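Structural characterization, general
Residue strings, one per chain:
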Protein chains: 2
Amino acid sequence: MSKIITIGREFGSGGRELGGRIAEILGYAYYDREIIIEIAKRTSLSETYVKNITEHKPVIPFPLHTSRTFWAVMPDFDQVVQKEQHNIIREISQKSDCVIVGRCADYILRDEKPFRIFVYSELESKIKRCIEKGNADYENSESLSEKELKQKIAQVNRARAGYYEFYTGQKWGDKAYYDLCINTTNCDINKLAEAVAKICQ
Amino acid sequence: MSKIITIGREFGSGGRELGGRIAEILGYAYYDREIIIEIAKRTSLSETYVKNITEHKPVIPFPLHTSRTFWAVMPDFDQVVQKEQHNIIREISQKSDCVIVGRCADYILRDEKPFRIFVYSELESKIKRCIEKGNADYENSESLSEKELKQKIAQVNRARAGYYEFYTGQKWGDKAYYDLCINTTNCDINKLAEAVAKICQ
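The rules behind the values
Residues numbered from 1 in each chain as written. Chains lettered and ligands numbered in written order. Predicted model: local features only at pLDDT ≥ 70, side-chain atom pairs only at ≥ 80, totals over all residues. Heavy atoms only, no water. Helix = DSSP H or I, 4+ residues; strand = E, 2+ residues; numbered from the N terminus. Contact = heavy atoms within 4.5 Å. pLDDT = per-residue confidence, 0-100. Buried < 20%, exposed > 50% of the residue type's maximum accessible area, 1.4 Å probe, protein only. Pairing = 2+ DSSP bridges. Polar contact = N/O pair within 3.5 Å; in protein donor to acceptor, adjacent residues only side chain to side chain. Phe/Tyr/Trp six-rings, centres within 6.5 Å; stacked < 30°, edge-to-face > 60°. Axes fitted to C-alpha atoms, helices over the stretch in contact; angles between N-to-C directions. Buried area = accessible area lost by both parts, 1.4 Å probe. Salt bridge = Lys/Arg side-chain N within 4 Å of Asp/Glu carboxyl O.

All names here are of chain B. With respect to the helices and strands, Ala-29 occurs in strand β2 (residues 29–31). Note: C-alpha distance between Ala-29 and Cys-187 (158 residues apart in sequence) is 24 Å. Beyond its immediate sequence surroundings of up to four residues, Ala-29 is in contact with Ala-23, Ser-96, Asp-97, Cys-98 and Val-99.

What follows is the structure in structure tokens.
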């Protein structure tokens, strides 16, 4: 059976960077935006649209207490994207040892007992990291004012929490659902990755 | 300035064992029950009595909204023990690099920026650990039935949470107050300690 490491992460905490370094150190495959690209390819939807769907819980058009099932009332594209995401995550987890960032992979693969990491940091540290490094997912992070960055961080993390909780029924970032929760405030991610890789092995 | 590692831990999670191993690996001093013994020596109270006080929040005999200060309404022995505990923790933190288990040391030493670890695990794992290893603080753990152990674990952890929250105003085990939260379910503490020591260095 493959060894799987999943990374949940607050926006601006360096979780993606940490995941990438751990994958490099251990020689594992690394999946993050690759999943979006693959969903887009399989569904013929644009990457931007898929990315948006996989970062927000769906807007249900009418109350859930109808006689129809929960799944049936989800907007069509949400269903299609979620099903493809499940399929792709299952496929890659069977291919080889891997690190998967976000996408509720910890929950989707719960039967495979992945090593579940959650990465977080203090707000000031997130702002500093965003200003210094930018963020590949949010191209213009570095051009935002500190106030705008604060709003963006809060908004992205609220969306991630909502999405995770909608699809898993679990509280995003609640340590009970993770094996290791790492506060990256003032951390050297490279040094940290070496030690964390040792724990995951 | 000394390097300080503090360990908060759920009862039965192996936190003390982990702290001890980390101290051994790093060559740091290790403090746990040594603090109780020292408080007992300085206050002439019995170790059992001191231990009990440092594991339960005090019972305040009348409401806090009097004109007297919070500190003034605390029972006398609680005040004496808490003050000695503060003094001793500050003293040992200045002596040498150290690992301190429990006793709100993370909060008391917050200005020294200790590396703050919280150790937790799933209930089944706690029960298994208590049955296999017993617990030096609760001598008869191994002779309890599974049901009694469950009750004991819940009771000790409730008391620890209450004590911590009373003296720090922070939520015990809330990852925001720690640098690393470690789930020891199914973990080999020795192997884990090697990697965690690397993170703390």
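Now that the structure has been shown, we can carry on.
Turning to the confidence of the model for chain A, a few remarks are in order. Residue and element names in this part refer to chain A. In this model, chain A carries an average pLDDT of 86, and 88% of its residues clear a pLDDT of 70 or more. The secondary-structure element of chain A with the lowest mean pLDDT is helix α3 (residues 47–53), recorded at 83, while strand β4 (residues 115–120) shows the highest, at 97. Predicted as a complex, the structure gets a pTM of 0.86 and an ipTM equal to 0.84.

This part covers the pairing of β4(A). All names here are of chain A. Burial within β4 is extensive, with six of its six residues counted as buried. Here β4 shows a buried face lined by Phe-115, Ile-117 and Val-119 and a second buried face lined by Arg-116, Phe-118 and Tyr-120. In terms of strand pairing, strand β1 (residues 4–9) meets β4 through five bridges, oriented parallel. Looking across to β4, one finds that Gly-8 is bridged to Phe-118.

With that settled, consider the side chain of A:Asn157. All names here are of chain A. Its location among the elements puts Asn-157 in helix α7 (residues 146–168). Judged by its relative accessible area of 11%, Asn-157 falls in the buried class. A polar side-chain atom of Asn-157 sits 2.7 Å from the main-chain amide nitrogen of Phe-11. Contact partners of Asn-157, with chain neighbours within four places excluded, come to Glu-10, Phe-11, Lys-126 and Trp-172.

The next thing to look at is the pairing of strand β5 (residues 180–183) of chain B. One face of the sheet, then the other: side chains in a regular strand alternate in exactly this way. A two-sided burial pattern is seen for β5(B), the buried positions comprising B:Leu180 and B:Ile182 on one face and B:Cys181 and B:Asn183 on the other. Bridge analysis of strand β5 (residues 180–183) of chain A against β5(B) gives three bridges, and the strand direction is antiparallel. Paired with A:Ile182 across the bridge in β5(B) is B:Leu180. Both strand β4 (residues 115–120) of chain B and β5(B) contribute to a ladder of four bridges, which runs parallel. Following the sheet pairing, B:Phe118 is matched in β5(B) by B:Cys181.

Turning our attention to the packing of aromatic side chains. Applying the stated criterion to the full structure yields eight aromatic pairs over all chains. Note on A:Phe166 and A:Tyr167: the rings are 5.0 Å apart at their centroids and 80° apart in plane angle, and the pair reads as edge-to-face. Ring geometry for B:Phe118 versus B:Trp172: centroids 5.2 Å apart, planes at 85°, classification edge-to-face. Taken together, the residues span a long stretch of sequence, with B:Phe118 in strand β4 and B:Trp172 in the loop between α8 (146–168) and β5 at a distance of 54 residues.

Spatially, the 10 strands line up as an open sheet ordered β2(A)-β3(A)-β1(A)-β4(A)-β5(A)-β5(B)-β4(B)-β1(B)-β3(B)-β2(B), and their pairing is mixed. The open sheet is flanked by β2 (29–31) of chain A together with β2 of chain B, the only strands paired with a single partner. For this sheet, the mean angle separating the axes of adjacent strands, direction not counted, is 20°. Lying on the sheet, helix α1 (residues 15–26) of chain A is in contact with β1, β2, β3 (98–101), β4 and β5 of chain A; it crosses β1(A) at an angle near 165°.

Tallying the contact residues gives 20 residues for chain A and 20 residues for chain B. In terms of surface lost to chain B, no three residues of chain A exceed A:Lys175, A:Lys198 and A:Ile199, which account for 32% of the buried area on that side. Applying the counting rule to chain A against chain B returns zero salt bridges. Taken together, the connections running from chain A to chain B amount to 11 residue pairs in polar contact (both at pLDDT 80 or more).

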